[in-house]
Amino acid sequence: MYDFKSMSVFVMVVEQGSMQAAAEKLQMTPSAVTQSLQKLEQQLQIKLLNRTTRKLSLTEAGEVFYQHVRQMQKNAENAVKCVEVLRSDPIGWLNISCPSGFMDSKLLDVLKEIIENHLGFSLNISFSDKNVDLIEEQVDIALRVGTGALHDTMIARHIYDVQFAILGQKDYLSKQKLPDSPEGLSTLDWIHFSPLAPSEIELYQQDKKIKVLPNYRIKTNSLLASRCLTMKGFGISLQPLVDLDHELHSKELVKLFPEWHLPSSPLYLVTLQRIQSEKVRIACEAITHYFQQLSAR
């Protein structure tokens with residue numbers, strides 16, 4: 001491995017024209033500068049500088065070496081500037097991973113406002129109910145539900161508690177013989193979506209607790225699909241209540257046994273780094289603010 005610090009010292013000596021001047025610029029002693037150059041020439045096994053008591057001059061090898069090392073320094077300086085721009089300015093692609101249930105969420109209005117206000121960066125939004133590898137997929141921000149979706153390498157911020165309910169479409173329910181108690185919900189058709197399809201569901205009412213055994217007759221591979229199938233009257237399902245105000249207010253979707261409650265699940269905003277680029281910081285703040293407003297309702 002070559003000594004890049006010695007290369008930088010060499011460039012400074014050439015540009016300053018003397019060991020003394022280079023030492024002052026680098027805040028080194030002249031002897032330390034001399035030793036650094038000697039070490040570099042030993043590594044390269046060739047003389048780079050002709051030294052006299054009055055001046056320094058480059059050898060043929062020194063001239064060639066200087067040109068390449070100076071270009072290397074310029075490239076390094078440009079690399080640092082590019083990173084500083086990414087850190088300080090909202091530019092480039094922002095990769096976000098969300099559960100499919102957010103595909104028709106008002107959260108999208110927040111993301112739309114971000115790119116309208118910051119024309120320098122673009123959004124790549126992936127909707128998936130699988131826990132994608134943030135490093136492999138180069139994800140900047142992910143929304144994850146439940147502590148089981150987190151790993152030690154992640155920086156996770158708890159931003160919301162997702163409330164759940166058992167929902168059915170009004171026309172579907174009007175055709176069914178509805179049970180008198182939650183335990184009887186097993187007589188209805190249930191829609192199965194793996195992360196939200198436990199073999200038994202616990203419901204709470206003050207100090208009471210009961211269990212419901214769903215009868216899954218329809219299976220699907222995404223949360224949004226399970227919601228769409230519920231809206232189409234295929235059966236009932238367990239759904240997060242985020243962004244379902246309109247459907248519930250219009251009674252298109254109906255909560256079954258609303259006096260009984262399901263446990264909430266924490267929603268986390270996840271990144272891989274504590275020190276973030278400006279675009280990630282802006283998006284994180286906007287997403288967090290959106291869920292804070294939901295919690296305050």
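Reference entry: report on the structure contained in this document. Sequence order as written defines the numbering, with residues in each chain counted from 1. pLDDT decides what is reported in this predicted model: residues at 70 or higher carry local features, side-chain atom pairs at 80 or more are listed and counted, and totals for whole chains, interfaces and linings draw on all residues regardless. Only hydrogens and water are set aside when side-chain values are computed; all heavy atoms of the structure are taken into account.

### Some details on the packing of aromatic side chains
In this scheme Phe, Tyr and Trp rings, the latter by its six-membered ring, pair at centre separations within 6.5 Å, and the angle between planes marks the pair as stacked below 30 degrees, edge-to-face above 60, and tilted otherwise. Applying the stated rule across the entire model yields 5 aromatic pairs. Plain terms: the ring middles of Phe 102 and Phe 291 are 6.0 Å apart, the flat faces sit at 90 degrees to each other, and that makes the pair edge-to-face. Taken together, the residues Phe 102 in the loop between strand 3 (92-98) and helix 5 (107-117) and Phe 291 in helix 9 (residues 278-296) connect sequence positions 189 residues apart. Side by side, Phe 102 and Phe 291 carry an identical accessibility label, which is buried. Numbering of helices and strands runs from the N terminus, with a helix taken as a DSSP run of H or I at least four residues long and a strand as a DSSP run of E at least two residues long. Accessibility here uses a 1.4 Å probe with only protein chains present; expressed as a share of the type maximum, an area under 20% marks a residue as buried, one over 50% as exposed, and anything in between as partly exposed.

### A closer look at the sheet that holds strand 4 (residues 121-127)
Taken in spatial order, the 5 strands line up as 4-3-5-14-6 in an open sheet, and their pairing is mixed. The sheet is open, and its two edges are formed by strand 4 and strand 6 (155-162), each paired on a single side. Neighbouring strand axes in the sheet, compared pairwise and without regard to direction, differ in orientation by 20 degrees on average. Following DSSP output, two strands are said to pair if at least two bridges run between them. In this sheet, strand 5 (residues 141-145) lies alongside strand 3 in parallel orientation, the contact comprising 2 bridges. Residue pairing for strand 5: Ile 96 is matched across the bridge by Ile 141. Two residues form a contact once any of their heavy atoms are found within 4.5 Å. Axis definition: a line fitted to C-alpha atoms, over the contacting stretch in the case of helices. Angles run 0 to 180 degrees between N-to-C directions. Strand contacts of helix 5: strand 3, strand 4 and strand 5, with the helix running at about 160 degrees to strand 4, the strand carrying the most contacts.

### With respect to the nonpolar core
Ile 141, Leu 143, Ile 166, Leu 185, Ile 236, Ile 287 and Phe 291 are the most contacted members of the largest nonpolar core, which has 47 residues in total. The dominant element in this core, judged by the number of residues it contributes, is helix 9, at 9 residues. Both of domain 2 (92-162 + 266-296) and domain 3 (164-263) provide at least three residues apiece to this core. In this structure Ile 287 touches Leu 107, Val 110, Leu 111, Ile 141, Leu 143, Ile 159 and Leu 269, once residues within four positions along its chain are discounted. We define a nonpolar core as any set of buried Ala, Val, Leu, Ile, Met, Phe, Trp, Tyr and Cys residues linked to one another through side-chain atoms lying within 4.5 Å. Listed in part, the 16 residues of the second largest apolar core include Val 9, Val 13, Ala 22 and Leu 48. Where each domain starts and ends follows an automatic or database-derived domain assignment.

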